[in-house]
Each structure stands twice: as structure tokens, then as C-alpha cells.
Amino acid sequence: MVSLGCPKALVDSERILTRLRADGYAMSPDYAGADVVVVNTCGFLDSAKEESLEAIGEAIAENGRVIVTGCMGEEADVIRDRFPQVLAVTGAHQYEQVVEAVHVAAPPTQGPFVDLIPQPDIKLTPRHYSYLKISEGCNHSCSFCIIPSLRGKLASRRIDAVLREAEKLVAAGTKELLVISQDTSAYGVDTRHEEQMWKGHPVRAHMTDLARELGQLRTPEGEVPWVRLHYVYPYPHVDAVIPLMAEGLLTPYLDIPFQHASPKVLRAMKRPANEARVLERIHAWRELVPDLTIRSSFVVGFPGETEEDFQYLLDWLEQAQLDRVGAFRFEPVAGAAANALPNPVPEAVKEERYARIMALTERISAEKLAAKVGRTLPVIIDEVGEPDEDGDLGATGRSQADAPEIDGAVYLRNVPASLRAGDIVEVTVEDADAHDLFGAIARS
């Protein structure tokens, strides 16, 4: 399995592999040992599509028997024109079609009832953290995005099924749940927030109900797992999850894709243009939860973006003081409405604006991390290193402000040999740079 793209695609890969293992298949660690290769593609941007095509080409060159799935599977003609030898092409989250294609390409030699002991689901992440996907698709019509055409309209999972999966993951050793979807704030809108019974009481398919119930989970050791909310649109009801963070039931972290701040650009993007009200809410959230971390992403060089619009964004960022920021140069995507907008921004201007926004957000990040020096913070361990020439061990972890793969890290010195990945320890911060923290386990 070659899995590309976002965490939502990674969850799709986990589900495909779990179904295949139930049919008697095993994963190969390399191309040479595989009877068939499944490539789960990304099709969000042209650069991502090219990466997907390169991965397909590599799989064909190394193995020759390739099944393609995922978001770029919606462009089957493009894939088959370049690689006519692919065995099958399916779209995003079409699990059954992928399994059927594998059955044809490499018929199973044993049935699902050979081993009567239930096997745990396959995870492509470390044991101590897991992605919890609560819905598919999206109801927005942002002019730069083609996700609804790739993954369809919003389709929320039943709340009891989501909670059952979360409970199972935590019982199996997950210390950190990362809630993902295309639009976490819209969870349950398509089902009119249908109620289900859970633990003897009704719960709605709604972000606030979901967050409250996830906050009740406990690890086998009786600890509260970290629960991190991703892809949160700033709808009014987001305010209701902030008190749960204040109570310690939710990790004080919000991943909100603002995309821009200029009202004119936001309207052209077909996104809510209430940036002033959002600033007020951010300040109110931080009044209640001072350690709240907000991560976001922004597009620079969107068609029609003027220097005034861009400066508006920079000024807004100075006021918002977001903790983690990613920026992207606007890139036309086939099928996106934004491609037809007038006044495209020249590539050189995009590059210059990208450099300016990254310099600003790096400075803000460095200042915020420097303020943490001397504090003691909980840190989840991702990896323990090998002893150095003096026999000292180091480790890499993350604070509650750091989501895996996309945010910074906490680097620890002189850790005990008993430390393991997944342990949550108190760390005294000794130093910081623009992205990461450095420290040691606090003395008790």
C-alpha cells in the first residue's frame, strides 16, 4: 500500500487494509514481495496529482501490478492515458471496489473464517495516536477547491459508531485522538443531528456532543486521552467547545482553515467574510483558555488579491497571533471555479508575498515559543533515540500545541531508558527556536 495525501486518505488506507486482512491478505513491506500494489492517491492540487502519478509510475516500474484508488481516481482517463497497464482505478473511499479489484488481481487463498479470533483494525500510525474520521465530503463550494466533486457532499457517520470506534482505539492503547473530516464543525448537518443512544443516554450527531463524549473517555490507566480537533470551521457553536478545553476534557487546540482575512478575497473564495468578528472570538477563547493553540492555513496570490488585500491579511495575523500557520501559493486546479476569475497574480508576486507571510508567522511563532521557556508542559513521546557516545538517551515528543506531522516537536535530553513511545511526561522547557522546544523531563 502506497498512501498519499491527507490524514483522511490515510484512514481510507487503514480501512482498505483491514478489509483485505480479513480476507486472508498480508501487507508486504516492499514492492518485490507484493502480488499487487494499491496506490491511494491525492488529487487536491496539480502538484499533488503529479506526485500521485509519479507514485503510480514507480509502483509499475518496481512491481507492474497496480491498482489505483483515492481522490485522483476520479480522473481515471488521465491515469489510464499515462499508465494503460494499471489493473483498476477507483475513486475516493470506494473500499468495496478496491477489495474486489484485489480479489481479481490476486485471488485470496484463504477465507475470512480461517482465523476465528477477531483481529484488530490495521493502523498506519503509531500505536499511541489515531485519526478518528467522523464524516466524508463537504457541502461548501469554495471557488478554489474541488473536494466536493472528489469526495461528494457531507456524509456524517452515526455518532454511536464514531464513539464506539474511539472507545475501542483508546482501550487498545491510543493516547491521542485526532478528529478529522472535511468540515468537523458541520458534523451531523446532513442527518439533522440525529440522536442515538450511547451509554444509556441520547447523544446528537453534533460537534459539541461528540467533543463532550470524547472527553469522557479514559485510557486503561484511567488517564484522559488527548482529543485534538482538526478542520474546524469557525461557526458560532465552536464557542461551546472552548469550556470543554478549560475543563481539561479536550486538548486546547483548534485547527481552523481561515484561508485569508481580506473580506474581498474571502468573498471571491466563497468563504465567510467576518474576519473582525472572528478576531473578537479568538480573544474571547483565549480569555477562557490562555494556552489555546490555533493552527491555520492561508492562500496567497489568489486571483484579484491586491497589495492592499495582502497587507490586510498581514495586519490581521499580527492581531490574531496564531500559533501555527501554513501558507500556500494559489495554484489553479482543474475544475475549480477560481480558475476563471480575473486579475491573476503573477508568479513572482506570489513568491514575494509567500516569503513575507512566512517571515511574519515565523517571528510570531518564535515569540510564542520563547515565552514557554521555563514552563513545565505535558509532552507525549513519539520516539526514543539510541544512546550517544556518553550513553545518554534523547527523545522526540510533542506538546499539546503540536499535532503530528504538521506542527513542531519537543526534543528531550537525558531521558531514562524506561521511557517508551506513547508515554506522557512532564517536561521543563529549557530553550526554543521558531518551531520547536527543547527541554528535559521535570524532576519530581
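Residues numbered from 1 in each chain as written. Predicted model: local features only at pLDDT ≥ 70, side-chain atom pairs only at ≥ 80, totals over all residues. Heavy atoms only, no water.

**Q** Sorry, what's going on with helix H12 (residues 347-370) here?
**A** Each α-helix turn comprises 3.6 residues. Residues three or four places apart therefore point the same way. A rise of 1.5 Å per residue sets the reference length of H12, with its 24 residues, at 34 Å; its end C-alpha atoms lie 34 Å apart and thus fit the reference within 8%. Among the residues of H12, Lys350, Arg353, Ile357, Leu360, Thr361, Ile364, Ser365 and Leu369 are the ones counted as buried. (Helix = DSSP H or I, 4+ residues; strand = E, 2+ residues; numbered from the N terminus. Expected span 1.5 Å × (residues − 1). Buried < 20%, exposed > 50% of the residue type's maximum accessible area, 1.4 Å probe, protein only.)

**Q** How should the layout of surface pockets be read in this particular structure?
**A** Where empty space is left in the structure can be found by rolling a water-sized probe over the atoms. In this structure, the second largest pocket encloses a volume near 540 Å³. Lining the second largest pocket we find 26 residues, and of these Ala26, Met27, Ser28, Ala34 and Val36 sit closest to its centre. The set of elements that each furnish at least two residues to the lining of the second largest pocket consists of helix H1 (7-22) and strand S2 (37-41). Broken down by element, the lining of the second largest pocket gets its largest block of residues, 3 residues, from H1. Per-class residue counts for the lining of the second largest pocket are 18 nonpolar, 5 polar and 3 charged. (1 Å grid on protein atoms, 1.4 Å probe; cavity = no way out; pocket = protein on both sides within 12 Å on 5 of 7 lines; lining within 4 Å. Points joined across faces, edges and corners; volume = space filled by probe spheres on them. Nonpolar A, V, L, I, M, F, W, Y, C, P; charged D, E, K, R; others polar.)

**Q** How should the sheet that holds strand S19 (residues 437-441) be read in this particular structure?
**A** Sheet strands pair by backbone hydrogen bonding; their relative direction is either parallel or antiparallel. Read around the closed barrel, the 5 strands follow the order S15-S16-S17-S19-S18; overall the barrel is mixed. Averaged over all adjacent pairs, the angle separating strand axes in this sheet is 50°, with direction ignored. Two strands pair when backbone bridges link them, and strand S18 (residues 424-432) and S19 are joined in this way by 5 bridges, in the antiparallel orientation. Bridging across to S19, Val429 finds its partner in Gly439. (Pairing = 2+ DSSP bridges. Axes fitted to C-alpha atoms, helices over the stretch in contact; angles between N-to-C directions.)

**Q** Help me understand the confidence of the model for the protein in this model?
**A** Predicted coordinates in areas of low pLDDT are best not read in detail. Residues of the protein with pLDDT of at least 70 account for 96%, and the chain-wide mean is 91. Contacts from residues 112-117, a stretch scored under 50 in pLDDT, to residues over four places away or in other chains number 2 contacts. (pLDDT = per-residue confidence, 0-100. Contact = heavy atoms within 4.5 Å.)

**Q** Where do I start with the packing of aromatic side chains in this structure?
**A** The description of an aromatic ring pair rests on the distance of the ring centres and on the angle between the ring planes. Counted under the stated rule, the structure contains 8 aromatic pairs. Their ring planes at 85° and their centres at 6.4 Å tell us that Tyr129 and Tyr131 sit as a pair that is edge-to-face. What makes Tyr131 buried here is its relative accessible area of 8%. Grouping aromatic residues by their ring pairs yields a cluster made of Phe144, Phe302 and Phe330. Above the face of the Trp198 ring, Lys199 is positioned so that its terminal group lies 5.0 Å from the ring centre. Its end group placed over the ring of Tyr354, Arg329 keeps NZ or CZ at 3.7 Å from the ring centre. (Phe/Tyr/Trp six-rings, centres within 6.5 Å; stacked < 30°, edge-to-face > 60°. Lys NZ or Arg CZ within 6 Å of the ring centre and 35° of its normal.)

**Q** Mind showing me how you'd approach the pattern of salt bridges here?
**A** Where side chains of opposite charge bring their charged atoms close, a pairing between them can arise. Overall, the coordinates contain 32 salt bridges when judged by the stated rule. Note that Asp209 and Arg204 form a salt bridge whose closest N and O atoms lie 2.8 Å from each other. On the basis of relative accessibility, which here comes to 30%, the residue Arg204 falls in the partly exposed class. Lys264 is the salt-bridge partner of Asp309, the closest N and O atoms lying 2.8 Å from each other. With Asp309 in helix H11 (residues 307-320) and Lys264 in helix H9 (residues 263-269), this residue pair connects regions lying 45 residues apart in the sequence. Overall, Asp309 belongs to the buried group, its relative accessible area being 7%. With relative accessibility at 37%, the residue Lys264 sits in the partly exposed group. A single network of salt bridges, built from pairs that share partners, joins Glu305, Glu307, Glu352, Arg353 and Arg356. (Salt bridge = Lys/Arg side-chain N within 4 Å of Asp/Glu carboxyl O.)

**Q** Looking at this model, I keep getting lost on the pairing of strand S16 (residues 395-399). Mind explaining?
**A** Taken residue by residue, a regular strand's side chains alternate between the two faces of the sheet. In terms of burial, S16 is largely enclosed, as 4 of its 5 residues are buried. The sheet contact formed by strand S15 (residues 376-384) and S16 spans 5 bridges and is antiparallel. The residue bridging Val384 from the neighbouring strand is Ala395, located in S16. In the sheet, S16 pairs with strand S17 (residues 410-412) via 3 bridges, with the strands oriented antiparallel. Looking at S17, one finds that Ala395 is bridged to Leu412.

**Q** Just to check I follow, could you spell out the packing of helix H6 (residues 159-171) against helix H7 (residues 207-214) for this structure?
**A** Geometry of a packed helix pair, given as the angle between the helix axes and the separation of the axes. The interhelical angle for the contact between H6 and H7, taken along N-to-C directions, is 25°, at an axis separation of 11 Å. Considering their axes alone, H6 and H7 lie roughly parallel with respect to each other. In this structure, H6 crosses over H7, and the sense of that crossing is right-handed. Where H6 approaches H7, its residues Ile159, Val162, Leu163 and Ala166 are matched on the opposing element by Leu210, Glu213 and Leu214. Of the residues belonging to the contact of H6 with H7, the class tally is 6 nonpolar, no polar and 1 charged. (Parallel < 35°, antiparallel > 145°, perpendicular 65-115°, else oblique. Left-handed = near helix turned anticlockwise from the far one by under 90°.)

**Q** Hey, could you run me through the packing of H11 against H12 in this one?
**A** Direction vectors running N to C along H11 and H12 enclose 10°, while the axes themselves pass 10 Å from each other. Between H11 and H12, the crossing angle belongs to the class labelled roughly parallel. Contacts between H11 and H12 involve Glu307, Phe310, Gln311, Leu313, Leu314, Leu317 and Glu318 from the first element and Arg353, Arg356, Ile357, Leu360, Thr361, Arg363 and Ile364 from the second. Tallied by class, the residues present in the contact of H11 with H12 amount to 7 nonpolar, 2 polar and 5 charged.

**Q** I tried to follow H7 on my own but got confused; where do I start?
**A** Burial runs high along H7: 7 of the 8 residues are buried. Looking at H7, one finds that the buried residues are Met207, Thr208, Asp209, Leu210, Ala211, Glu213 and Leu214.

**Q** Sorry if this is basic, but what is going on with a negative patch on the surface here?
**A** On the surface, Asp388, Glu389, Asp390 and Asp392 cluster together to form a negatively charged patch. Positionally, Asp388 belongs in the loop between S15 and S16. (Patch = residues over 30% accessible without salt bridge, like charges linked within 9 Å, V, L, I, M, F, W, Y side chains within 5 Å. Areas by Shrake-Rupley, 256 points an atom, 1.4 Å probe, with all protein chains shown as cover. Lys, Arg positive; Asp, Glu negative; His and termini not counted. Charge placed at Lys NZ, Arg CZ, Asp CG, Glu CD.)

**Q** Help me understand the sheet that holds S2 in this model?
**A** Taken in spatial order, the 4 strands make up an open sheet running S1-S2-S3-S4, and their pairing is parallel. Two strands close off the open sheet at either side, each with one partner strand: strand S1 (2-3) and strand S4 (88-89). As defined by bridge partners, strand S3 (residues 66-70) adjoins S4 across 2 bridges and the pair is classed as parallel. Residue pairing in the sheet places Val68 in a bridge with Val89 of S4. The strands touched by helix H2 (residues 46-62) within the sheet are S1, S2 and S3, with S2 carrying the most contacts at an inclination of about 175°. Running over the sheet, helix H4 (residues 95-105) touches S2, S3 and S4 and is turned about 180° from S3.

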